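# Structural features, examined
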Amino acid sequence: QVQLVESGGGLVQPGGSLRLSCAASISIFSIYTMGWYRQVPGKERELVASITNPGSTMYAESVKGRFTISRDNAKKLVFLQMNSLKPEDTGVYYCKADHGRFRDYWGQGTQVTVSS
């Protein structure tokens, strides 16, 4: 079955960096658009970044210039490099696999906390 497992979250100071990884157990990984979403308590989950194959990317305005999404189709991995982190980047980050026509898949999430 399809599984998405995020890793790399943690506590970081403002201005610091983190690299999130999502490992996908999926048969035909390359056909999926992959995305990173984040959620804070009381708010809707919001799109942070997405990437197609080949790597056409989209970013939320709040993270443009600071975050970079990438994918490794051979290893079935998607990454989110987060630089110049701000306290407002705090949240649970989820990996999403979007087939485009059928059901989407979500990981369990990884906590990112940006604080002094």
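See the structure shown above.
Residues numbered from 1 in each chain as written. Predicted model: local features only at pLDDT ≥ 70, side-chain atom pairs only at ≥ 80, totals over all residues. Heavy atoms only, no water.

## What to know about the pairing of strand β4 (residues 33–39)
Buried residues dominate β4, accounting for 5 of its 7 residues. With 7 bridges connecting them, β4 and strand β9 (residues 91–98) associate as antiparallel partners. Each bridged residue has a counterpart across the sheet, and for Trp36 the counterpart in β9 is Cys95. Where β4 lies against strand β5 (residues 46–51), 5 bridges are found, and the strand directions are antiparallel. Its bridge partner being in β5, Tyr37 is matched across the sheet by Leu47. Adjacent in sequence and paired antiparallel, β4 and β5 are bridged by 6 residues, among which Gly42 carries a positive phi angle near 85°. (Buried < 20%, exposed > 50% of the residue type's maximum accessible area, 1.4 Å probe, protein only. Helix = DSSP H or I, 4+ residues; strand = E, 2+ residues; numbered from the N terminus. Pairing = 2+ DSSP bridges.)

## Brief notes about the environment of Thr110
On the secondary structure map, Thr110 appears in strand β11 (residues 110–114). Through-space distance from the C-alpha of Thr110 to that of Ser21 is 9.6 Å; in sequence the pair is 89 residues apart. Once you skip the residues sitting within four places of it in the chain, Thr110 turns out to touch Glu6, Ser7, Gly8, Gly9, Leu20, Gly91, Val92 and Tyr93. Engagement of the side chain of Thr110 in a polar contact is seen with the backbone nitrogen of Gly9, the distance being 3.3 Å. (Contact = heavy atoms within 4.5 Å. Polar contact = N/O pair within 3.5 Å; in protein donor to acceptor, adjacent residues only side chain to side chain.)

## Structural notes on the state of the cysteines
Within the structure shown, the criterion is met by 1 disulfide. For Cys22, the disulfide goes to Cys95, at an S-S distance of 2.1 Å. Its S-S torsion of approximately -85° makes the covalent link between Cys22 and Cys95 left-handed. In this pair, Cys22 sits in strand β3 (residues 18–25) while Cys95 sits in strand β9, placing the two residues 73 residues apart along the sequence. On the basis of relative accessibility, which here comes to 0%, the residue Cys22 falls in the buried class. Judged by its relative accessible area of 0%, Cys95 falls in the buried class. (Disulfide = S-S within 2.5 Å.)

Geometric descriptors of this kind do not, in isolation, establish any biological role.
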